[in-house]
Each structure stands twice: as structure tokens, then as C-alpha cells.
Amino acid sequence: MFAHSCMGANKKTGTAMIYIFIFLLLLPLSAFSSAFPSPATPISTEVDQMYYFIHVLSLGCGLLIVGAFILFAVLYRRKNNSQATATVHHNAWLEWTWSIIPFFIFMFMFAWGWLVYDKMRTPYKNALEIHVYGQMWNWDYVYKNGRKTAEALYVPVNTPVKLIMTSRDVIHSFYVPAFRIKQDVLPNRYTALWFKATRKGLFNIFCTEYCGTGHYSMLSKVHVMSLEDWEKWISTDPYEGLSMVEIGQKVFRGRCTACHQTTTQKMIGPGLAGIFGSVRHFEEQDSLTADENYIRESILNPSVRIVKDFPDQMTPFAGLLQEEEMTGLVEYIKSLKPEK
Amino acid sequence: MKNYLNEKTGLWSWLSTLDHKRIGLLYLFSVLTFFFIGGIFALLLRLELFTVGETIMGPEAYNQIMTLHGVMMVFMVIIPGVPAIFGNFFLPLQIGAKDVAFPRLNLLSWYLLMTGALVAIVSVVTGGVDTGWTFYTPYSIRTDNGTIWVVVGAFIMGFSSILTGLNFIVTVHKLRAPGMGFFKMPLFVWGIYSTAVIQVLATPVLAITLLLLTLERMFGIGIFDPKLGGDPVLFQHFFWFYSHPAVYIMILPAMGIVSELMATFSRNNIFGYKAIAFSSVGIALVSFFVWGHHMFVSGQSDAANFLFSIITMLVGVPTAIKVFNWVSTMYKGSLSFETPFLYALGFIFVFLIGGMTGIVLATLALDVHVHDTYYVVAHFHYVMVGGTLFPLVGAIFYWFPKMFGKMYSELLGRTAFALIFLGFNVTFFPLFFAGTQGMPRRYYDYIKPYETLNQISTVGSWLISAGFLLVLIAIIHSLLKGKKAPDNPWDGRTLEWQTQSPPIHENFEKQPEVTRGPYER
């Protein structure tokens, strides 16, 4: 019999397998300590507790099952070819037990998951409402008093906030890992999110619904500040006392960094240093020297002229920029010189 | 000795064959080819993610390769994988039949798969597709490149799947050997049968969805595009109504293979035969009512989330039952650790991790945080690769002596397994942590804190590919230099081991009759 010829190797393989399994079981323990971004909302703590509970429980059950098969592998290894085997077909009592116990564990997880989820989805009363717009590939935020910004989502600490979100193009998803919240942002309706940040600081915002080339660079931050600072921020003119170039730089940081760099380095779109005054070659075989009007047109209606070797992917900014911001951007781009 | 391999020769005898075994090998060859191409894509993706910033390619190339990797691995490898290769080859053998019920339809199915695959691959030439394998609207409507080719390709491949499923259902009902009642069928047959039901019922929904998407793109009919008055989330409902059951198209026959391997290499009766059989059917039925768990944060109502969460939890029960039964089959057995059995044990280990993290994802409050992060990427690779590919490779080694009449080298087989198993865990386990820390999926680039985890993962991808290369070497080595295989090298009890290796043209010299259970000794 063929199986007979590798009886010696059987033992070695069995032992090697056991070592591999034990090694792998230790893996999760090593990384457990740093698993989460540290929580910054009350709901985060609840989510984390549930997360640790289910993972420790899973690890326990996993150890039992893997332990059982390692034990069987050792005990019932084929020692000779005529080794007798059990003829147990089934065991109703055992089978019912191991069907019912998982059932109750799963129902428990469902119920707990639902209760916390329900809390997540119940809006705070008198929350500060902020409108959020997603578009390829940046987020911008509009406050009730008309204040607009694309630099960061500024919110006061310890204050309930409601985000009313919609998309200008495809589906995006608004995700703040430190708050443990996420919601898809749709082009044809509003969706909403609630949170109450309990720590001051900057927290990452990611887009988590694939939305094209710049999906990975559709990044933003929640800037949680003290109530006094926030009240000062919301009531001041963002551009007061700034030069044109400084205004342009501010707008650029919120709106343009997902695709453009301020060097000559290409990202999704061209690097902008030295663009002004250079000769641009287009898909339609023609070319022109970039002047103020060309830059203005390229921002407001980018599809009119597509530069060779670049995709026609830029979002048109017509209607999204104030005149002051438009001019600022033009001046800022003019100021960008290639580094020597 | 006459057998199905040498009965006729020449390329045309293969391309026009009606023999289910030869068609099985056609699928084996094509699926393995797709798998190696898809695998190279995966390696490129992992290499790009090795460091922050551009490593080897830009974002457009990355997104296109990511899409191709997904489309190939899902539609051309794991969906046709186990049912079309091993279902074709061993379903008739295991039920003591001469062939499947409709041999010509069977050949047509293979041609449909190849046509669909070719059409999908045309997209690469016409500028690439960057939608991901899920084709979510409205992005897939706006993006101006080869999407339509891939969608039409997937549409055609869907018919291959439907026809194969239909063929298997009829075969199981009509062509069982005398004496083989439903509860005397091997568990692999139960797995294939449950899958076939899903293929026939769910795939048409995908076909309709892809057709609507094509009509929308070509003629501007507003179905999913909000600009035309459509609803993009409707697409997600349609898509997952198929694609969730599709997960079980992949996993159920793979579970069938695991049952065969556990019984044979434990030389034992399978523990809880009926429980395993019914749980396959149970999973198949419940699978139609859980699609919404892909959409917990899509904006669907909280009431829908409540229902989809609780029903999804129910899938866990029959799945857990299967795992307990497999482990119990080892109890008081006579275990021999040849390569196929190692894949079965490896499957149980990774499938446990895949299954348990599935419970995490079904828990609403937890899903909100890890949804669309690398946690999900890790979870589905544990279920898809660990759950489907491990049994598939195990099946190649298990049935290799029967298919080709040659033994393979245990040394090569076991070393390859060790590399694949270790490499797989090193590749995907760190991704659970990346996801928990908030790293979103489908990101061409990531922020610095995620770098270490990504580097571990990339190193794992080299180990796993070394393992798969070794599998290829083992196969070639065995075809060239393998010892002649006996008819029943593993002391298996199911009917395929009662005919010669490799089998003759119509399988059995005389019609087998069945008097006992499939695994009784």
C-alpha cells in the first residue's frame, strides 16, 4: 500500500504542523495591544469592548477546536495499516449541543451589535448641523452661517455634531476611524452621521467607497477644538488680512492636494510648479502658453483642454469657488517655481 | 491499457470531446492558467503596497490591476473552479454514471466560459477597467474605458455557470447508480448539488443586472445613474443578490471536498453525514437572504440592517456544525498525513478564522468600523483562498492519481503545502490589524502608520507564490516521472476508486451497484 511507505514521514509532518499551528495562534496576541486608533468618542469605547470580547471569545473557541484536532492528530496517527477505526456515525446529543451553543452566541452578538448600532444611529438632540459634500476627490464642509471650508472639518469638543452628507458625483463613504463611524455618501440623497468628540486634536477622514483614481488620496481631517476657539473660528472671515497668494495656498490645501503637488512631480494631475508661462500641449495637437485665463479655465472647466498624457478626470470647479478664491489660486500657482 | 486519455489523441479530440473527464481537464487547464495570471496581478499589487508612495506603478495602473485580479479570481477561477473541474470529473464517477446528463451542453459551457473570458480580456486592450470587480454605479457608468467588455464577459461566463448547474442537477436526479439513494451519495455530490441550485437560481439575476448596466451605458437608459433619475444603490442590491450566494457557489463544493478528504485520510466514517448534507442545503437556502450585509453603511434602512444582521448570524450555525463534524471524523480514526489531508486540516484552521471574523462583520456596530477596510479584505481572502483554494489544491493532489494514473512526490507536495499555508497566514493575518486600525481597502497608497503591516503582508505573498510554483513543479514532475498509480491509493470508499486509474472512456467496466453508505468500512 502506498500510504505505508511514508509512515516515518508522517510523524515529522505531524510535529511540524503542530509547531506551525501554535506559532500562528500566537500571532494575534502580539498585535492585540495596538489594534485600534485610540478612541475619541463615547461610542468608540463601546465598540472596542465588543470587538475585544468577540475576538477573545473566538480565540478561545478556535483554540478548543484546533486543540481538539491537534490532539486527535497525535492520538490517532496511523501506526499500522490495520489500525481499527471507530464506527461512530453520529451522536444526536452532541450534535444538538454544538448547534445550540453557537446559535445562542451568535444571537447574543447580534443583539449586542444591534443595541450599540441603534445608539450610533439615534441622533443627538440639538446637534450642531454641518453639511458635507463629497466629490472626486475631496471633501468640503458648509456651516449654517454660510462659512465654507475644504481644509478640515472644524468642530467643537464635547458637542454633539450631525453631518448631513451628499455627493456631487459618484458614491463616496465618510469614515473617521478614531470615532468608529462610517456612512456612504450618495449622489441622489442625503445620508447622515452623528458623533460627539471627547478629545481635542486632528483625526483622519478616509473615503471608504472606491471612487476612481484618486480614491486613496481623498483624505481630510476632523479638527476638534475647544468651544471658544471654534466660536472664534466660525465667526471670522477666513481670508481677512491674507495676501492673494496666501488665500490661494489655503484653498489649494483643501481642494487640490488629492491630485496635484506643488513641485514638478506628477501625481494624478500635473505638478504645478513652473506651469505658469510654460507651453502646454493638448490632446488635439494644439498648444498654448499658460496664462491667467488658461489656469482659470483649467480649474473651472478642465475638460475643455486636456493636456497630453493626462486623463480627463478633474472635477469642474465652476460654481464652487468664490472670485476671491479663484484669483488667489491663480496667483498661488503663478508663485510656484520649480526647485533647482 | 485503454483509458480516457489515450482513447483518442490530437488537439481536436480534446476541443470536441464530450467526455466529462476530458471537459474537466479542459477546465483544469484553463482555470489554472487564469489563476496564475490573477496571481501575478496579486503579486504586483502587494509589491506596490510594499512602501508608502509610488513603488512600481501609478494609481491608474494599480486600480486596473486590482480590478483584473478581482474579476479573474472571482469569475474565472473560484466560481468555475471546484464545480467545473472536479464536479465535471468526479460527479458522474462518484454516482456511478457514464457521463453527465447533457454532454454537449457540458462542452458548450466550457466554450462559453472561454468566450466570456476572452471578451473580458479585450478590455485590457481597450484601455483597462478600474471599477473593481463589483462595478458599483454610478462610477462604472462614468468611467470611460473598457468596463462594457468586462461586464459583457461576465454576462457570458454567467451562462456557463447556469448551464453547468442545470446539467449537474439533472445528472444527480437521473443518473445515480442502482441502489444509490440521496443519503448514499458522497458529500462532495451534496456540495455540488447545493451549488448547482444556487447557480441556476442566482446567476440569472447577475445576468439581468449586467444587462441593465450595459443598456444604461450604451443607450443612456436611466436605471442606476442618478443623473438620469436612476438609483445607484439599486445596483448594489441586484449585484449582491447574486454575488453573495456566489460566495457559497465557491465554498459549498469545496466543503464537499473537505468531507471526502477527512473521511478518506481518517479511514473513518464521516461523523454526522446527514447533518453535513443538510447544512449544505441549509446554507444554500439562507444564502439568498443575506445580501444586505454587504450594504450596512450604504444608506439602506436600519430595519433592513436589523434583518440582514440576524439572518447572516444564522449562516454561522450550519457552518459551525460542519467544522465540528469534520474534527469529530478524526476521532478514533487512523490518520495519515498525506498532502491532500494537510490541505483539509489547513482548510479547517483558516476557515475557522474566516468564519469567526464573518461573525464580527455580521455584528452591526462592529461592521460600521471595519466595513470597507482591510479587515474585510483579510476576511474574504481567508474565506475565498483559505476556504476554496485550499480544498481545490487538496483535490488536485487527492484525485491526481485517478485523473492521470500517476503518483506525485509527497516531499514536493508537503513542502508546497507548508509554504502556501505559512505564506497565506503571513500575507493575510496582518491585514486584520490594518483594517482594525482603519486602513481602507482599494487604496493605491496609504499613510505611514500602516507600512509595517503591509510589508509583512507583501513578504507573505512571496512565500505563498513560491508554494504555488512548487505545486506546479510537483504536477509536472509527477506527469513526467511519477510512479504508476494503483486504482485506489488512499483506500477510499467512494465509487471513483472502484474503477481503474485513469478511468476508461465511460467510467466503469460494468455498472456499479450501491448497497452501503458512501464512507462505510
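Right above here is the structure, for reference.
Cut-offs and rules
- Residues numbered from 1 in each chain as written.
- Chains lettered and ligands numbered in written order.
- Predicted model: local features only at pLDDT ≥ 70, side-chain atom pairs only at ≥ 80, totals over all residues.
- Heavy atoms only, no water.
- Helix = DSSP H or I, 4+ residues; strand = E, 2+ residues; numbered from the N terminus.
- Core = buried A, V, L, I, M, F, W, Y, C linked by side-chain atoms within 4.5 Å.
- Buried < 20%, exposed > 50% of the residue type's maximum accessible area, 1.4 Å probe, protein only.
- Contact = heavy atoms within 4.5 Å.
- Phe/Tyr/Trp six-rings, centres within 6.5 Å; stacked < 30°, edge-to-face > 60°.
- Lys NZ or Arg CZ within 6 Å of the ring centre and 35° of its normal.

Enquirer: Explain unusual backbone geometry to me, please; I cannot follow it from the model alone.
Expert: With an omega of 0 degrees, the peptide bond running from B:Thr137 to B:Pro138 counts as cis. If you trace the backbone, B:Pro138 turns up in the loop between helix H4 (103-125) and helix H5 (139-142). For the peptide bond that leads from B:Ser501 to B:Pro502, omega is -15 degrees, which places it in the cis range. Structurally, B:Pro502 is set in the segment after helix H15 (451-481). Even without being a glycine, A:Asn126 presents a positive backbone phi close to 55 degrees. The topology assignment puts A:Asn126 in the loop between helix H4 (92-121) and strand S1 (128-135).

Enquirer: Got a minute to help me understand the nonpolar core in this structure?
Expert: Nonpolar side chains tend to gather and get buried jointly when the protein is soluble and globular. Ranked by internal contacts, the top residues of the largest apolar core, which has 262 residues, are A:Leu153, A:Phe174, A:Phe179 and B:Phe86. Apart from residues lying up to four places away in sequence, A:Leu153 is in contact with A:Ile130, A:Tyr141, A:Tyr143, A:Leu163, A:Phe174, A:Phe195, A:Ile205, A:Lys221, A:Val222 and A:His223. Listed in part, the 25 residues of the second largest apolar core include A:Phe252, A:Tyr294, A:Ile295 and A:Leu336.

Enquirer: When you look at the packing of aromatic side chains in this model, what are you seeing that I'm missing?
Expert: Where two aromatic rings form a pair, the distance of their centres and the angle of their planes describe that pair. Inspection of the entire model under this criterion finds 78 aromatic pairs over all chains. Taken together, a centroid distance of 5.1 Å and an interplanar angle of 85 degrees make the contact between B:Phe239 and B:Trp240 edge-to-face. Note on accessibility: B:Phe239 and B:Trp240 belong to one class, buried. Both rings, one in B:Phe337 and one in B:Phe341, keep their centres 5.6 Å apart while their planes meet at 40 degrees; by these two values the pair is tilted. Looking at B:Phe337, the relative accessible area reads 2%, which means it is buried. Accessibility expressed as a relative area gives 0% for B:Phe341, which makes it buried. Across the ring face of A:Trp233, the terminal group of A:Arg147 is positioned such that the distance to the ring centre comes to 4.1 Å. Stacked on the ring of B:Trp14, the Lys or Arg B:Arg22 has its end atom at 4.2 Å from the ring centre.

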